[in-house]
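Results of the structural survey
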Amino acid sequence: MAKSSNPPPKQKNLFSFFSKKEKTAPPPSAASASSAGATAKSASANGGLGNNASSGQESVRKGSSQLSAAQLKHLSKVCVGTKLAVYWPDDKEYYPCVVQEHRPKAKEDPGHVYRLNYEDGESEIVDLATERFKIIGGKKRPGDEEEGEKSNDGGKRRRIMESSDEAEFDDEESMDEGDDSGSEYKMAADDASMDDEELDADVEKEESEDDWMDSDEEEEEEAPKPKKKVAKKVTVTRVGVGSDGSKKITPTPKGDRKSPAGIAESVDFSSFASQTPVPFASNAKKPAAASSKKALSQPSPMVPQKLDPKLHGRKPEAKVPPYSDSKDVTNPSGSHMHNHLKFFTTNRHDINRRPAGHPEYSPRTLHVHWGELKGHGNITPAQEQWWNIKAQYADTVLLFKTGKFYEMFHDDADVGVSVLGHSYMKGKTAHSGFPEGAYGLNVAKLVEAGYCVARVEQTETPETMKARNKAKPKGHPKDKAVCREVCAVVSKGTRTFCYLDDVSMLDKGEASTGPLIAVKETLVEDNSMDEDGAEDSEAGTKAVYEYGVTVVDAVTGVVTLGQFADDVLRSRLLTLLTSFGPSQVLYEGGQTGASKSLLPFLKSACPPNTIVEAINQKEHFPRSTAVSIDDRITMVRGVIEHPWNGEKTVKELHKRGYYPRSSRNIDDDLSGTEGISRWPEILRRCIEGGATLAMSSFGAALYYLQRSLVDNEILTMGIVKAYAPPNTSGSEAANSASANADASGNPSNQLQGMYEKEARQQGGMDLVEQSEEAQPARSINFPPSATNEADAYASEANIDHLALDGTTLSNLEIINSITSGSHQGSLLSKIDATLSPHGSRLLRAWLLRPMFRKADIDRRADAVEELASGSAAVAMEEARGLLKKTGDIERLLSRVHSMGRAAARGDSDNSHAAAHPAERAVMYEGQMHTKRKVGDFSKLLHGLRSAADIPDLFTNADIQSPMLSKIVRPTDEGGCFPSGMKERLDWFFDNVDIQKASKGEFEPSPGMDEEYDAACATINDIKRQLDAYKDEMCSSELHPRNAARSSWKYVNLKDDSKDKYLIELPATIEVPPEFHMKGKRGKGAKQVNKYQTPEVMEMVKELERAIEIKNDGKAAGLALVFAKFDEARPMWMAATNATAMLDALGSMAQVAVRPGFTRPMILECPPSAKPGMTVVQGRHPCVDTTHSGGNFIPNDLVLGSKPQSTDDAFFGNDDSSDESEPNCLLLSGPNMGGKSTLLRQTCLITILAQMGSYVPAEQCALTPVDRIFTRLGASDRILCGQSTFFVELAETSAAVRGATRRSLVIMDELGRGTSTFDGTAIASATVKHLVEKNGCLTLFATHYHSLLEDWKNEPAIKLGHMECIVEEEEEDSEESTEKNNITFLYTLGEGPCPKSFGVNVARLAGLPDDVLQRAKRLSSEFEAEMNGEAGRHKIIPATAEKSVDDISKLFSEGGEVDAEKLKQIWQSFQ
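First, a word on scope: everything that follows refers to the structure included in this document.

Analysis parameters
Residue numbers run consecutively from 1 along every chain, following the written order of its sequence. Local features in this predicted model are restricted to residues whose pLDDT is 70 or higher, and side-chain atom pairs enter the listing and the counts only when it is 80 or higher, whereas totals over whole chains, interfaces and linings include all residues. As a rule here, side-chain values come from all non-hydrogen atoms in the structure, and water together with hydrogens is ignored. The numbering of helices and of strands both runs from the N terminus, where a helix is a DSSP run of H or I of at least 4 residues and a strand a run of E of at least 2. In what follows, residue pairs with any heavy atoms lying within 4.5 Å of each other are defined as contacts. To measure how exposed things are, a 1.4 Å probe is used in the Shrake-Rupley method; for residues, cover is taken only from the protein chains shown. For two strands to be treated as a pair, DSSP must find no fewer than two bridges joining them. Axis definition: a line fitted to C-alpha atoms, over the contacting stretch in the case of helices. Angles run 0 to 180 degrees between N-to-C directions. Definition used in this section: a nonpolar core is a set of buried Ala, Val, Leu, Ile, Met, Phe, Trp, Tyr and Cys residues joined via side-chain atoms within 4.5 Å. Throughout this description, buried means an accessible area under 20% of the type-specific maximum (1.4 Å probe, protein chains only), exposed means over 50%, and partly exposed covers the range between. Any carboxyl oxygen of Asp or Glu within 4 Å of a side-chain nitrogen of Lys or Arg constitutes a salt bridge here. Exposure above 30% relative accessible area and no salt bridge define the residues that can form patches, which grow by joining like charges within 9 Å and nonpolar side chains of Val, Leu, Ile, Met, Phe, Trp and Tyr within 5 Å. In this count, Lys and Arg are taken as positive residues and Asp and Glu as negative ones, while His and the chain termini are left out. Throughout, a charge is located at the NZ atom of Lys, the CZ atom of Arg, the CG atom of Asp or the CD atom of Glu. Here, expected helix span is obtained from the residue count minus one, scaled by 1.5 Å. Angles below 35 degrees are treated as roughly parallel, those above 145 as roughly antiparallel, those between 65 and 115 as roughly perpendicular, and all remaining angles as oblique. In this scheme the handedness of a crossing depends on how the near helix is turned from the far one: anticlockwise by less than a right angle means left-handed, clockwise means right-handed. Under the grouping applied here, Gly and all other residues not named as nonpolar or charged are polar, the nonpolar ones being Ala, Val, Leu, Ile, Met, Phe, Trp, Tyr, Cys and Pro and the charged ones Asp, Glu, Lys and Arg. Under the pairing criterion, centres of Phe, Tyr and Trp rings, with the six-membered ring standing for Trp, must be within 6.5 Å; the plane angle then separates stacked pairs below 30 degrees from edge-to-face pairs above 60, leaving the rest tilted. Between N or O atoms, a polar contact is any pair within 3.5 Å; within protein, one atom must be a potential hydrogen donor and the other a potential acceptor, and residues adjacent in sequence are included only when both atoms are from side chains. The directions considered for the arc run from the helix axis to the C-beta atoms.

The helix and strand tally for the chain stands at 42 helices and 41 strands. In the chain, the proportion of contacts linking residues at least 24 apart, taken out of those at least 6 apart, comes to 73%. Split by element, the accessible area of the chain, about 62600 Å² in all, is 49% carbon and sulfur.

Turning to the sheet that holds strand 18 (residues 545–553), a few remarks are in order. Read from one edge to the other, the open sheet built from six strands follows the order 21-20-17-18-19-24, with strand pairing classed as mixed. Whereas interior strands pair on both sides, the edge strands pair on one side only; in this sheet they are strand 21 (611–615) and strand 24 (719–722). Sheet twist, expressed as the mean angle between neighbouring strand axes with direction ignored, is 20°. Note that strand 19 (residues 558–566) and strand 24 share four bridges and pair parallel. Looking across to strand 24, one finds that valine 559 is bridged to valine 720.

Moving on to the nonpolar core. Ranked by size, the top nonpolar core spans 90 residues in total, and within it Trp387, Leu573, Leu577, Tyr659, Leu683, Phe698 and Leu715 carry the most contacts. Of all the elements, helix 15 (residues 692–707) adds the most residues to this core, at nine residues. In contact with tryptophan 387, other than residues within four places in its own chain, are Leu341, Phe343, Phe344, Leu366, Val368, Trp370, Leu373 and His410. Counting 81 residues, the second largest nonpolar core, distinct from the first, contains Leu767, Met876, Ala1149 and Val1265.

According to the stated counting rule, one finds 49 salt bridges in the structure shown. Note that arginine 455 is salt-bridged to glutamate 457, the shortest N-O span being 3.0 Å. Assessed through its relative accessible area of 6%, arginine 455 is described here as buried. The salt bridge involving glutamate 865 is made with arginine 1159; its shortest N-O contact spans 2.5 Å.

A word on the environment of lysine 134. Structurally, lysine 134 is set in strand 7 (residues 133–138). When the C-alpha positions of lysine 134 and alanine 85 are compared, they lie 5.0 Å apart, and in sequence the two are 49 residues distant.

Right, let's get into the sheet that holds strand 38 (residues 1304–1308). Reading across from one edge, 25-37-38-39-34-40-41 is the order of the seven strands in this open sheet, with mixed pairing throughout. Each edge of the sheet is formed by a strand with only one pairing partner; in this case those strands are strand 25 (803–804) and strand 41 (1382–1390). Pairing analysis gives four bridges linking strand 37 (residues 1267–1271) to strand 38, with the strands arranged parallel. Paired with threonine 1270 across the bridge in strand 38 is isoleucine 1306.

Let us look at the side chain of arginine 1302. Within the element layout of this structure, arginine 1302 appears in the loop between helix 36 (1284–1298) and strand 38. Taking relative accessible area as the criterion, arginine 1302 reaches 6% and is therefore assigned buried. Leaving out residues up to four positions away in the same chain, arginine 1302 has contacts with Glu796, Phe852, Cys1165, Pro1171, Thr1263, Pro1264, Val1265, Asp1266 and Arg1267.

The next point concerns a negative patch on the surface. Side chains of Glu1032, Glu1037, Glu1074, Glu1095, Glu1098 and Glu1102 sit close together on the surface and give a patch of like negative charge. By residue number, the principal contributor to the negative patch is helix 32 (residues 1094–1115), which donates three residues. As for its position among the elements, glutamate 1037 is in the loop between helix 30 (1010–1036) and helix 31 (1041–1047). The class of glutamate 1037 is partly exposed, set by a relative accessible area of 36%.

All right, on to helix 23 (residues 873–886) then. Compared with the 20 Å implied by 1.5 Å per residue over 14 residues, the 20 Å span of helix 23 between its first and last C-alpha is a close match. Among the residues making up helix 23, those that are buried are Ala873, Ala875, Met876, Ala879, Arg880, Leu882, Leu883 and Thr886. Residues of helix 23 that are buried make contact with helix 21 (837–848), helix 22 (854–869), helix 24 (889–899), helix 26 (926–953) and helix 34 (1129–1152). Phi turns positive, to about 70°, at glycine 887, one or two residues after helix 23.

Packing of helix 13 (residues 646–656) against helix 15 brings their axes to within 8 Å, and their N-to-C directions diverge by 50°. Comparing the axis directions of helix 13 and helix 15 gives the class oblique. Note that helix 13 runs across helix 15; the crossing there is left-handed. Within the contact between the two elements, helix 13 uses Gly646, Thr649, Val650, Glu652, Leu653 and Arg656 and helix 15 uses Met695, Ser696, Phe698, Gly699, Leu702 and Gln706. By residue class, the composition of the contact of helix 13 with helix 15 is five nonpolar, five polar and two charged.

What follows covers unusual backbone geometry. A cis geometry characterises the amide bond from histidine 1039 onward to proline 1040, with omega recorded as -10°. Note that proline 1040 resides in the loop between helix 30 and helix 31. Even without glycine at this site, histidine 410 takes up a positive phi of about 55°. As for its position among the elements, histidine 410 is in the loop between strand 13 (405–409) and helix 6 (411–420). The phi dihedral of leucine 709 is positive, around 65°, even though this residue is not glycine.

The contact between helix 10 (residues 571–580) and helix 11 (residues 598–605) brings their axes to 10 Å, and the two run at 40°. One finds that helix 10 runs oblique with respect to helix 11. Like other packed secondary-structure pairs, helix 10 and helix 11 cross with a definite hand, here right-handed. Contacts between helix 10 and helix 11 involve Leu573, Leu574 and Leu577 from the former and Leu598, Phe601, Leu602 and Ala605 from the latter. A class-by-class count of the residues in the contact of helix 10 with helix 11 yields seven nonpolar, no polar and no charged.

Okay, the packing of aromatic side chains next. For the structure on display, the rule yields 29 aromatic pairs. A ring pair is formed by phenylalanine 580 and tyrosine 723, whose centres lie 5.0 Å apart and whose planes are at 75°; its orientation type is edge-to-face. Taken as a pair, phenylalanine 580 in helix 10 and tyrosine 723 in the loop between strand 24 and helix 17 (747–762) lie far apart in primary sequence, 143 residues in all. Between tyrosine 1029 and tryptophan 1048, the ring centres sit 6.2 Å apart and the planes meet at 70°, which makes this aromatic pair edge-to-face. Taken as a pair, tyrosine 1029 in helix 30 and tryptophan 1048 in the loop between helix 31 and strand 26 (1049–1051) lie far apart in primary sequence, 19 residues in all. An aromatic cluster is present here, built from Phe937, Trp987, Phe988, Phe1122, Phe1125 and Trp1132 joined pairwise through their rings.

On to the side chain of lysine 1170. As for its placement among the helices and strands, lysine 1170 is situated in the loop between strand 31 (1161–1162) and strand 32 (1172–1178). Residue lysine 1170 is classed as buried on the basis of its relative accessible area, which comes to 14%. Reaching out from lysine 1170, the side chain makes a polar contact with the backbone oxygen of glutamate 1221 at a distance of 3.3 Å.

Turning our eyes to something else, we now look at the pairing of strand 5 (residues 113–118). Within strand 5, five of the six residues are buried, which leaves it mostly tucked inside the rest of the structure. The pairing of strand 5 with strand 6 (residues 123–127) spans five bridges and is antiparallel. Pairing of tyrosine 114 across the sheet is with valine 126, part of strand 6.

This paragraph deals with helix 8 (residues 462–471). Within the sequence span of helix 8, burial applies to Pro462, Met465, Arg468 and Asn469. Here the buried residues of helix 8 occupy an arc of 120° about the axis, which is enough to place them on one side. Residues Lys470 and Ala471 are exposed on helix 8 and point more than 90 degrees away from its buried face.

Spelled out as structure tokens, the structure:
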């Protein structure tokens, strides 16, 4: 075989940045070469590839003794001292070595096992009977003759260890074998503008094989121990191809001198340890010899199917394709090693060994079957780390840090290929990854795809590990892999968008930012009705469930608590879910957890792609892997936790110190109400008031936040709010489960009262002093069936907002569009012209809670009017430019708080922040991360500076609105903007050089850190003392003095120098005895000596201590700045609230100036008056054009009392007044004629009016509405077992039971989900109830023309229809398809519509003509029958009363009854 003059180095480790110096093999000598080869038998089960250093035994794979005579003759030439050149197939080169010793098997069988020493110092133990080699010189046994080379084409996979590697694995019984393929990545320094194409272009990976995660082992080695030699033996076993295409291990027949054609290219011998061959993929081919590098952007031909995040790590039981363990083969998806692990796929158990079907099974953990795992190969320490972490985060994608790169293994690599577009690396282990700089981009993709992602960081360097191992007592095991810890677990509900995350999607509004919600559910005791509501006639009014909820907004750090009772339909819980739009929901799992119907309800009620996850009553809490025992103790919770236990939750809050302690003398192990006086008020009231369900849900949320390692940065913000969903059913469900609980002692009522107070503050209603009649409302529930009208009227005075339930929010598309499920197309999207995220959030809150009191509505509308057209309009235009520059102050305040949390040294309440593993993480892109941190801080500073300039713009504006005046004035003038904010900001601008800080060159300025300042002063003082010592010595102790003074020199002055401040003096200078010479340079007359004195040594020790403190302060300098900035957070939050309110009002002002919008007239409605609504030329605010492309057609609408002029008075004290319209409109008309649009636009105009906004109409006047009920569309809740008709009736029930005289009810086609007769009956009864008992404003759209006939003479009801033009065809025509066309006018006309024209709509939909003709004929027949043209007559309300009177007269006259008259009455009934 031709010899290469410059052979390549042996292949390097998996990651090139961890590899050692490349080894170059010189060419073999020109001596004659020969080789011997044979195929070994299968290794025995105990013939592993590893070694047992402790016993001093070294094991090798046993080769076959069935060798030919020629082979034995050739092997007999080898002895100690023989020079060989051993062939490495992967490198395609021979490497020279010398036989060091013979390792005989036994006296009777000496064997051919030798220890070989290579020229680079490495050694290995080899059975030469299974190797390919050349004899190139050295000693030979007598009589040996060289023969031709015998080849063995079986591939070799080996690990060669340097002497420095030996001690690293001296306690390890076995080692992974395999070639260490390189893995290269190239990454831009900053990925701020990196997109997919740039990432693919910049990042390259060389595909690796099975020996993964050896990188840190190579670097994390210790000094060699010469007495312990560890080497690895690798042999080649011949693998043949069976008839079925699979590989089979077969021994070499006697006399077989050449390898058969069916030899495998390469073999991983670790898989043969148990004598069980691992079959190859049947289509595996010999890989090319070229480099296996692939860019990440290269599409993989083996992309797996998209994985379900909820089934992460679990695969359905199916036949798994075999995998190839060849280092040169890239296995396709589904055929890697982990696909063959039963404990990982088809037979999963949690960490407590509960199977997947167990009621208490936790998918968050995994029981690792180490025996099965080792059956597929030996496990390195880094691999063991990965599996130990995976066992505690089984449902999570692990991003396992190795050097500068995040690696994904096994099922996580499947996700990387499927979601991130990675390519698999070579080998049996599924493996992919990306560099640290691409973390934010890739995590964003994974989280948006629904995965939970854990960031596993190295928390020590290899040097630190070596020092730690060296400090261990003798005999203690040494760590062989650097410490790694989980630093963060990111999911949709826990994503905080820190400096590592990609915020571009957040800025574009493309990221899921919904909160995390924990729901605790209990059934109300002593309830006479089952869940189906089949019993009690008043079932809908009963409280069936009681809930405790915790809402966590990870982006802003806001926590919201609530507790309330609910009905069988969970109406209030639906409202909560619709209002908050969660991205992740936690509920109580297990046998005694939430009811079985809760999970399907959550899945149907939450937005699409919401993660719904069970938290059991007992959960495993992940163990900390920190090196420091103190850190582990600080971060740990019990191994088995009870997340839903409220009492333990309070104890945990005390232990962690999230909130300020009321006394420093109180022990940590507290519970109950002790030491909580300084905690947030809402949380404190929940604990003191016994809101056990709210605290239970808070415990589950706390457990999840702690498990995700974001608890400290969120909860220490100290923002806790209350929430109570509106009760629109008028039922007992709004009250406590205890009927006798009063408002002051009931936790649900207390929380609702606190929520009402917060809502008024958030809405700006308390900015101006209120009159007595406008005081904050107390929580009340008033049943519509109250017998005392005075009580009902009195209760109206306590209402302060328009209640919108979840059904109404969804039906009216207020927050999200029904069609797309997104923000676009909703009412909010049409009125949101805010320029800051916090302003947008406030506008959304205002839209969800419109006002009810006239004074409150007018106060906000006055501010909007001034900003739209008053003297403040010009100033507002300038202010909007500043508002745009403020950015998301709320989010940035949370980020700065988190970044400065660990800076306060010596703060006992801060110990958990300092022990967080992220503080110890070894990050390689530190400059990029620092740049992002400083960038966020700079945005916040400039945003607040812009906010501070806003009051100056309104200084000269003549503002009439008290509310607006309060918002735009500084606090020293009675306003909202903090006074002195500019001065506080100037300090940070003056003391923080943003440019230097972004480069990591920041140093704390004087006064920022006392310890840092003291250390700097000490350093300067010691330097002066050293100069003084020099003067003293040169003046009195050294001779000659002048020469000493001129030549004295201190050396080693740098902070990191050893032997600092040595004194250099010429050898000719006489020195005192205490001058100890440490070294010298030069010779003869030019010799210079280096001295050290006790005085200087003492000063240097003190100097080094000061330098260490200074360096620590410099490293923590930015964190100190952030902490100092966070101290003024109340001021910054006040500015945030003021800018948010101004931004929201400015957005409403932008709506007000749009063409066709007008300010509505809000009218009082005393008990003597009748509610009413008048809209002239009203339009739908979300619809600009019709479906045909024309302009939207406006409509007039009058319900109830009408205003007589522009003042507040209403006609209609007497219901018979000519100026009073009926409260109910029965609306008919053709399909697609605009009925639903009219209903929706009426509600939306009402909501906008009571929000304080302008409305799309020429004129509008209305009395405030307390609740809006909607029954629209046709939808079912299959997951909850509720049909379309059931949903219709549930929505109808809420309206019938909850509507008051001040409510607005819209119903569209009630009864269409059942038979015509049942539907008509239900619709008629509902209309009767709404008109006669509820007395509310009602729009009722129907296609039941008999219903119109029934109520046409009722004075409280008026009929209307949506007009259209129909081209009627001739009666005898059967072929016309052009006529009978319908033209929709979309205008509201008086009276009923004669037909619904369904056949005409069917024609528009494209039904065949024969179907249309038959449908028309049958429709005419049905209509004739229903109208009584066949001799039948109907009884209608208009004639029923007269008939009853006639019958009464016949039987009251006495004597004989007139049979003829009675017959006539009977006939009329027919």
